[in-house]
Amino acid sequence: MAKIAEEEMQLVLKIVKILDEARASNAIHIRKLKELSALRSKTSSSSSSPSLFFSAFSKTLLPLFDFHRRVASAERIVRFISVFATIYDPHHASDCDVFLEDFLRFLLVATAAANKTARFRACQIISEIIMRLPDNAEVSNELWDEVIECLKQRVGDKAPLIRTYAVRALSRFATDCENSDVLDLFLEVLHLEQNAEVRKTILLAMPPSNATSQAIIDCTMDVSESVRKAAYYVLADKFPLQSLSIKLRTIILQRGLADRSVAVSKECLKLMKDGWLTKCCNADPVEFLKYLDVETYELVGESVMGSLLEAGSIQLNNGASIQQYILSTSERPEDTIGFIPSIQLMDAEVALYWKMVCRHLQKGAQAKGTDAAARMGTEAAVYAAEASKDNDLLERILPATISDYISLVKAHINAGPNYHFASRQLLLLGSMLDFSDATNRKVASAFVQELLHKPFDHEVDEDGNMILIGDGINLGGDGDWANAVSQLARKVHASIGEFEEVVLGVIGELAQPCRERTATFIQWMHCLSVTGLLLENAKSLHLFQRKSIEPTELLQSLLLPAAKHAHLDVQRIAIRCLGLFGLIEKKPNEELVKQLRLSFVKGPIPISMMACKALFDLGMWHTPHGVDRALGQDFSSQAQEDDVAYNPITFSDMDANMGVKLLDLLCAGLDKDDWGSILESDDNESVKAVLGEGFTKILILSENYPSIPASLHPVLLTKLINLYFSNETKNLLRLKQCLSVFFEHYPSLSLNHKKYLSKAFIPVMRSMWPGINGNPGGSAFEVSKMRKRAVQASRFMLQMMQAALYEKETEREDEKGGRELPEIVDGTVVPPLECGEGGLAIRIAAEVTSFGTKKTPAERSYVSALCRVLVLLHFQLSEQGAIQLMRRLLTRVAESISAEKDLVKELKRMVDHLKTADRHPDQEQLQDQAELIFGRLGLDFNLDLSGSAEILQTPAPRSTRPTHSRRRVRQLESSSDEESSPTSVVPSIPCTIGPRSQRASKTAALTKMTATKTLRIGEGEDGEDEDSEVTSDDNSEASDQFTE
């Protein structure tokens, strides 16, 4: 044994010397590896103990497992021993295999160590060994199973660095079909992992497959920039373009090119340019666009082309142009009158490609021309030359003449709906052509008139009914098509008033059968779509004067009759045109406003939605007061009153509602329950969704509408908050997003907004809590759900009240138009009482005390929920009067909820805090001061200031000790209460028992009982009182609390 120990010591010294030299530089690792291998072979052949070398080697490495610093020398040692473990010597193959297995088992023990550094070094070395191990290494399957199971456990380690190396080590097994559980583990922990570096390692370890593609694509929206960048690297390295669906391709490119990080967008561009465009499409951008389905994902196609053009990845000087799709000039006959050139039709991808190329060249030429004009000398000449070069290239690509361009577009239009997308792309090229020549302008004008006269596409069913194709609102049934036509028309007729004159002439021709009442509903809709195109692009009705149709004639003979048409689609487009007509008027027309209100109240759902949008647009453009004045009624005197009561509106009697203000009418729409179902064809819109979006816009811009009564703001906020938390709107995703953004910014924009939120808090809680204020109840499950929703709303409103104001809010405007500077303490704006948490606290306290001592279960739960919000509010030190008043109110609040001990404790803490903040705690508050504060908050509340401002100690101490049987019953009840309440009941008898374990408590009790057993036999009641120190019910409860 002594000889073996001596040999081992000598061997340890030799290994230490080799490792010490290896840690100095990587350059000598090859030589030192040979020395260490020779030492291992020599020891195995000469030593009597086969494991002598491994024993010495493992002892040599022990200091490494206690060294936590990741310095270069330590990393060299790790790399050196990992390479040594994976070396395969064919002359000593058995020695290599035995050493590798022994070393892995040694490392597996270290991975389960309590020391974090030992686990880290073990996982690091295992990771290096597995990544370097050759495929022909002889390792038993049982050992690999142990390694995999151990590493899977380390994936859940609390140290992120250990998890990283565990994932890295498992990455080699993720591609093995027999170890699918490794891949399942990666997919499971990827979305749960909090550390970005670990998520990145998991991402890089994932193999390409259908199971991992979606998880990798989801990482393109990760919060960490490095993870998003790694996701695009993995997609470029492991996923060819053809292996992904069209939807996934477009999602990847859309997110990457629009990423806020420049590094991520560059990685996405590298993926698109070097990976997909070059390798998969042979650098052909048109071929690349075919993989993206640009007809469905047009914006993605435009973004891709724009990025490639900006990066210079597309060669434009290759001689290709749009002219190649038109018969060349040399092939034209001498007599070109009536000649129709031969046109080669473009695919959708080709048309989009040429549109983006021409737009890029035009934009570049304009930018360089602007730079040339802003500079002087040689620099200006250089920019001018570059601009001229781009213009020449653009001129060579575009059709040679206007006639060629029109022939090209007409050929695609006449080719049918399959070339509708290409036709629209070519129409957009018209904005880049020159129409200054009178002949060219005349030809183009005739083409524009032809486009405007083109009716809606439709089909005829088996019963002979005509079915419209398209949205039924815009020209051609497509908003993008109407926009392309209007751009071309405005480019051709660029003179002031010329565009309006031409379009009004077309409307006059189309309106003739409508006036004669001989038009079909498709003719009505065609005429109204052209009218809508004109109204969208017109800036004033003044340009309609002395044209073929006067504005009054357009309204009376076309728009108003169309709004009363029997066909619902005609009504819908007519209501839209009425809204556009009202926007360009100087003041709203009375008949127009009446028709919109009538359609909103009595029309079907699609008509009510369109009328609602039109009324909101008119109200925001002309102000709600201006729309009300169009009906000949003036509400200006009422608008300045804050206490104007909100009167419910009855939709069934329209004549009575003509005297109602616009916002009151729209607000009543939120209370109507029979609006019908959601329209699936309109992005799941509904009338309530339109009303909600409209009111958010008005409230967020409320400073622009001083005529809106201040009393209406809390009413609208109450309805919007109820709408946000309602189950009826869970499918209205657009409304949910709109309200979410609104509530995020609304409280931070103005101090007045916080005041309105404070006023709306109690009405919201009353309207949402079941069983009070006339609200229906239901089953226990439904009541529980409604209470949870109300509590969630209360916390949501509290967060809004505590949100910080934006920096620009340094002064606020009161209801009378005056500017008031808020108080600033330590650089922070201190809101007035009615705009801050203090005012809300007084409102809640007044609401709680308004309930009597006898309350229903619903009222008790309601009051309890309010108190749980109350204790979270804070007062400013400058609000001394409010602090004194709140101290008085809290005593009444505590009396109202005296049965809930945990809340009483919280209220007592709040009272103590307010007493500390009170600069004159012994001074009595006057009744006039309290009434003044209630008046500022708009509360009609009478408070008796007599009595103490302190909360009585509850519960009162018991005078007698309960019996053992009663104590056992109370213990059961206490344990039941503790399950439902997170806060323990306050013990009635003070005790000084400190926290200790359950075993220590029992030992102390038994010892004291044994020591005083004889004394207790001779004592009477006094002995029982002394014994209560150990065995009393309250102390046992307190001990249970500590042991828990």
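Residues numbered from 1 in each chain as written. Predicted model: local features only at pLDDT ≥ 70, side-chain atom pairs only at ≥ 80, totals over all residues. Heavy atoms only, no water.

Going by the annotation in an unreviewed UniProt entry, the name recorded for the protein is Nuclear condensin complex subunit 3 C-terminal domain-containing protein, with Rhamnella rubrinervis given as the source organism. Reading the Subcellular location (unreviewed entry) entry of the UniProt record for the protein gives the comment "Chromosome". (UniProt positions renumbered as here; feature names shortened; annotations may be inferred.)

A. Looking closely at the nonpolar core. Phe-103, Phe-288, Phe-600, Ile-842 and Met-886 are the most contacted members of the largest nonpolar core, which totals 296 residues. In this view, Met-886 contacts Ala-841, Ile-842, Ala-845, Leu-870, Phe-875, Met-910 and Leu-914; residues no more than four positions away in its chain are not counted. In this structure, Phe-120, Cys-123, Ala-159 and Tyr-165 belong to the second largest nonpolar core, which totals 5 residues. (Core = buried A, V, L, I, M, F, W, Y, C linked by side-chain atoms within 4.5 Å. Buried < 20%, exposed > 50% of the residue type's maximum accessible area, 1.4 Å probe, protein only. Contact = heavy atoms within 4.5 Å.)

B. Up close: the side chain of His-493. Along the chain, His-493 falls in the loop between helix H22 (479-492) and helix H23 (498-515). Among the polar contacts made by the side chain of His-493, one reaches the side chain of Ser-445 at a distance of 3.3 Å. Among all residues touching His-493, those that are not within four sequence positions of it are Ser-445, Glu-498, Phe-499 and Val-502. (Helix = DSSP H or I, 4+ residues; strand = E, 2+ residues; numbered from the N terminus. Polar contact = N/O pair within 3.5 Å; in protein donor to acceptor, adjacent residues only side chain to side chain.)

C. Quick peek at the packing of helix H40 (residues 880-896) against helix H41 (residues 901-917). Where H40 meets H41, the axes come as close as 10 Å, and the angle between the chain directions of the two elements is 155°. Relative to H41, the element H40 lies roughly antiparallel. Remark: the crossing between H40 and H41 carries left-handed chirality. Contacts from Gln-880, Ile-883, Met-886, Arg-887, Leu-890, Val-893 and Ala-894 in H40 reach Val-904, Leu-907, Met-910, Val-911, Leu-914, Lys-915 and Ala-917 in H41. When grouped by side-chain class, the residues that make up the contact of H40 with H41 number 11 nonpolar, 1 polar and 2 charged. (Axes fitted to C-alpha atoms, helices over the stretch in contact; angles between N-to-C directions. Parallel < 35°, antiparallel > 145°, perpendicular 65-115°, else oblique. Left-handed = near helix turned anticlockwise from the far one by under 90°. Nonpolar A, V, L, I, M, F, W, Y, C, P; charged D, E, K, R; others polar.)

D. Structural context of the side chain of Ser-261. Take Ser-261: it is sitting in the loop between helix H13 (246-257) and helix H14 (262-281). Within polar-contact distance, the side chain of Ser-261 engages the backbone nitrogen of Ala-263 at 3.4 Å. Those residues in contact with Ser-261, other than ones at most four positions away along the chain, are Glu-225 and Arg-228.

E. Region of interest: the environment of Phe-186. If you trace the backbone, Phe-186 turns up in helix H9 (residues 180-190). Accessibility expressed as a relative area gives 0% for Phe-186, which makes it buried. Setting aside residues no more than four positions away along its own chain, Phe-186 makes contact with Val-167, Leu-170, Ser-171, Ala-174, Ile-202, Ala-205 and Met-206.

F. Local environment of helix H32 (residues 662-669). The buried count for H32 comes to 8 of 8 residues, which makes it a mostly enclosed element. When we look at burial in H32, the residues that qualify are Leu-662, Leu-663, Asp-664, Leu-665, Leu-666, Cys-667, Ala-668 and Gly-669.

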